[in-house]
Amino acid sequence: MARARSEERRDEIVRATLEVIAERGYRGASLNTVAERVGLTQQGLLHYFPTKETLLVAVLEERDRWDTGGGSRASAGRWRLDLLASLVDYNAMRPGIVQSFSALLGESVTEGHPAREFFTDRYAQVRAEMAAVLRAEFGDRLPSGLTPEAAAPLLTAVMDGLQYQWLLDPEAVDMPAAFRAFLDLLRGPEDAGGTAGTGDAGSTGTP
């Protein structure tokens, strides 16, 4: 019973952190602010999450569960290129969460950072998932001749790299439109207008 209550409390803290990040951004999401929102002292919050970094990793894990429909990352097998474009649209509506993800990602490349293992594991999974998405869309070769495995890191890099550019200058970078333009490049000139390809993924072409 006590363990279940502890898990409920942790979930409550994570949800509150998501709200605070959405309102104030990564830097403004202090432990004290989150603690006040859930009726704890900062010391009480540290009982559940010893550092801000460990709390933010929990937030990132929750973000992944939302992005995959509330389940585990294995559910990402349902992704198609058009759904990836919808995910980019969704991210454009939650800059606070994207900012926390991007800030932690940049910091995680340093040795010993608490988010390093999370991002290393996450990218290994994401590359495999993107390869599966591309194989379902194009088969064993993309129009460019690349294999899905060769193109998967590029697709992943574009999704996350666009987030950095958009966060820095949202007026200059239309993240959803830029991502759809990249999908047109992947499909090649014949598919860019939505006249070819498998399933209904062609519907993601830029209007």
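What counts and what doesn't
- Residues numbered from 1 in each chain as written.
- Predicted model: local features only at pLDDT ≥ 70, side-chain atom pairs only at ≥ 80, totals over all residues.
- Heavy atoms only, no water.
- Helix = DSSP H or I, 4+ residues; strand = E, 2+ residues; numbered from the N terminus.
- Buried < 20%, exposed > 50% of the residue type's maximum accessible area, 1.4 Å probe, protein only.
- Contact = heavy atoms within 4.5 Å.
- Areas by Shrake-Rupley, 256 points an atom, 1.4 Å probe, with all protein chains shown as cover.
- Salt bridge = Lys/Arg side-chain N within 4 Å of Asp/Glu carboxyl O.
- Core = buried A, V, L, I, M, F, W, Y, C linked by side-chain atoms within 4.5 Å.

(A) Summary view of the overall build of the protein. For the protein, the helix and strand inventory stands at 9 helices and 0 strands. Walking the protein from its N terminus toward its C terminus, one meets helices and strands in the order α-α-α-α-α-α-α-α-α. By the burial criterion, 44% of the 207 residues in the protein qualify as buried. Counted over contacts in the protein with a minimum sequence separation of 6, partners at least 24 positions apart contribute 61%. Approximately 10700 Å² of the protein is accessible, and the part contributed by carbon and sulfur atoms is 55%.

(B) Up close: the pattern of salt bridges. One pass over the full model with this rule turns up 10 salt bridges. A salt bridge links D82 to R80, with the nearest nitrogen and oxygen atoms 2.9 Å apart. Looking at D82, the relative accessible area reads 10%, which means it is buried. With its nearest N and O atoms 3.8 Å apart, the salt bridge here joins R116 to E111.

(C) Representation of the nonpolar core. Counting residues in each nonpolar core, the largest one holds 29 residues, and the members touching the most others are I13, V14, F49, L104 and F119. When residues in this core are grouped by element, the largest group, 7 residues, is from helix α1 (residues 2-28). Excluding its chain neighbours within four sequence positions, the residues that come into contact with I13 are V34, V38, L40, L45, Y48, F49 and L55. Listed in part, the 26 residues of the second largest apolar core include W79, L84, A151 and V173.

(D) Region of interest: the environment of P114. As for its placement among the helices and strands, P114 is situated in the loop between α6 (95-107) and α7 (116-138). Owing to a relative accessible area of 41%, P114 belongs among the partly exposed residues under this scheme. With 60 residues separating them in the primary sequence, P114 and T54 have C-alpha atoms 6.6 Å apart.

(E) Representation of the environment of A178 in the model. If you trace the backbone, A178 turns up in helix α9 (residues 175-187). Taking C-alpha positions, A178 is 9.3 Å from V158, a pair spaced 20 residues apart along the chain.

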